[in-house]
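One-letter residues, chain by chain:
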Amino acid sequence: MRRLILSIASVVGLTASAFAGPGADLSEFAGELRVQADERALIAASQPAAPAQPLDIEDPFYFELEQFSVDAMRLSRAIQQANGPQDLQCIFRGMSDDASERLDALNLADSSGEQARIYRAISAMMRDAEEIAPAVDEEDITLDGFTCSPG
């Protein structure tokens, strides 16, 4: 019986992901970033008085947070071009700006404790993105050819 339930769940999951739209894609990407931000917050918080370690441009988190910013802005513009809800346009534009600002803040932080707070703020923003982004797919708008970057 358990195998049957697991099989059904995996088929449903595969079917849902096959029809996933840009909102679901961004939500999944945000979830991956949230996990990374949580892990980094724990590490940074373990030595709060230590000097901050700026992110190297080759750090995958650096690149992925920049990519999230780009994807959120692209999604905002696609919603606008499709005459979609203005609140969603503003939310994703704001997330794009916020991601860029927090990336800069990580690199300007003086201590690991300060970086831990920034990572926690990034995590909270990514949790919001996970919850809000799927609404894009539920709207009656067409985002022709739009895809978010894979996480």
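This one's a predicted model, so the numbers in the text were calculated from it and none came from an experiment.

Asks: Kindly report on the overall build of the protein, identifying the contributing residues and their values.
Replies: Within the protein, the secondary structure is distributed over six helices and zero strands. Mapped from its N terminus to its C terminus, the protein presents α and β elements in the order α-α-α-α-α-α. Looking at the protein as a whole, 38% of its 151 residues qualify as buried. Here the contacts in the protein between residues at least 6 apart in sequence split such that 81% fall between residues at least 24 apart. Surface exposure of the protein reaches about 8800 Å², of which carbon and sulfur atoms provide 53%.

Asks: Would you mind going over the side chain of Ser96 in detail, with residue names and values included?
Replies: Structurally, the position occupied by Ser96 is in helix α4 (residues 86-108). With a relative accessible area of 5%, Ser96 lands in the buried category. One polar contact links the side chain of Ser96 to the main-chain carbonyl oxygen of Ser69, over a distance of 2.7 Å. For Ser96, the contacting residues outside a window of four places in its chain are Ser69, Ala72 and Met73.

Asks: Give a detailed account of the confidence of the model for the protein, specifying residues and quantitative values.
Replies: Looking at the protein as a whole, its pLDDT mean stands at 84, while 79% of the residues score no less than 70. Taken together, the stretch residues 1-18 has pLDDT below 50 and engages in zero contacts with residues farther than four places along the chain or on a different chain.

Asks: Can you tell me about unusual backbone geometry, naming the residues and giving the values?
Replies: The phi dihedral of Asn83 is positive, around 55°, even though this residue is not glycine. Mapped onto the elements, Asn83 comes out in the loop between α3 (60-81) and α4. You can call Asn83 exposed: its relative accessible area is 70%.

Asks: Any details on a negative patch on the surface? Residues and values, ideally.
Replies: Together, Glu66, Asp97, Glu101 and Asp104 give the surface a local cluster of negative charge. When residues in the negative patch are grouped by element, the largest group, three residues, is from α4. By the secondary structure assignment, Glu66 is in helix α3. For Glu66, a relative accessible area of 37% translates into the label partly exposed.

Asks: Any details on the environment of Ala37? Residues and values, ideally.
Replies: The residue Ala37 is located in helix α2 (residues 22-45) in this model. Sequence separation of Ala37 and Tyr119 is 82 residues, and the distance between their C-alpha atoms is 5.1 Å. Not counting residues up to four positions away in its chain, the partners in contact with Ala37 are Phe61, Tyr119, Ile122 and Ser123.

Asks: For the packing of α2 against helix α5 (residues 112-132), give the residues involved together with the corresponding values.
Replies: Orientation of α2 relative to α5, taken along the N-to-C sense of each, is 160°, at an axis distance of 8 Å. It follows from the interaxial angle that α2 and α5 lie roughly antiparallel. You can see that α2 and α5 cross each other, and the crossing is left-handed. Residue-level contacts link Ser27, Ala30, Gly31, Leu33, Arg34, Ala37, Asp38, Arg40, Ala41, Ala44 and Ala45 of α2 to Ser112, Gly113, Gln115, Ala116, Tyr119, Arg120, Ile122, Ser123, Met126, Arg127, Ala129 and Glu130 of α5.

Asks: An account of the nonpolar core is requested, with residue identities and associated values reported.
Replies: Among the nonpolar cores identified, the biggest contains 30 residues, and Phe61, Phe68, Phe92, Tyr119, Ile122 and Met126 are the most heavily contacted of them. Mapped by element, the contributors of at least two residues to this core are α2, α3, α4 and α5. Top element by residues in this core is α3. It accounts for seven residues. Beyond its immediate stretch of four places on either side in the chain, Phe61 contacts Leu33, Gln36, Ala37, Arg40, Leu55, Leu106, Tyr119 and Ile122.

Parameters at a glance
- Residues numbered from 1 in each chain as written.
- Predicted model: local features only at pLDDT ≥ 70, side-chain atom pairs only at ≥ 80, totals over all residues.
- Heavy atoms only, no water.
- Helix = DSSP H or I, 4+ residues; strand = E, 2+ residues; numbered from the N terminus.
- Buried < 20%, exposed > 50% of the residue type's maximum accessible area, 1.4 Å probe, protein only.
- Contact = heavy atoms within 4.5 Å.
- Areas by Shrake-Rupley, 256 points an atom, 1.4 Å probe, with all protein chains shown as cover.
- Polar contact = N/O pair within 3.5 Å; in protein donor to acceptor, adjacent residues only side chain to side chain.
- pLDDT = per-residue confidence, 0-100.
- Patch = residues over 30% accessible without salt bridge, like charges linked within 9 Å, V, L, I, M, F, W, Y side chains within 5 Å.
- Salt bridge = Lys/Arg side-chain N within 4 Å of Asp/Glu carboxyl O.
- Lys, Arg positive; Asp, Glu negative; His and termini not counted.
- Charge placed at Lys NZ, Arg CZ, Asp CG, Glu CD.
- Axes fitted to C-alpha atoms, helices over the stretch in contact; angles between N-to-C directions.
- Parallel < 35°, antiparallel > 145°, perpendicular 65-115°, else oblique.
- Left-handed = near helix turned anticlockwise from the far one by under 90°.
- Core = buried A, V, L, I, M, F, W, Y, C linked by side-chain atoms within 4.5 Å.

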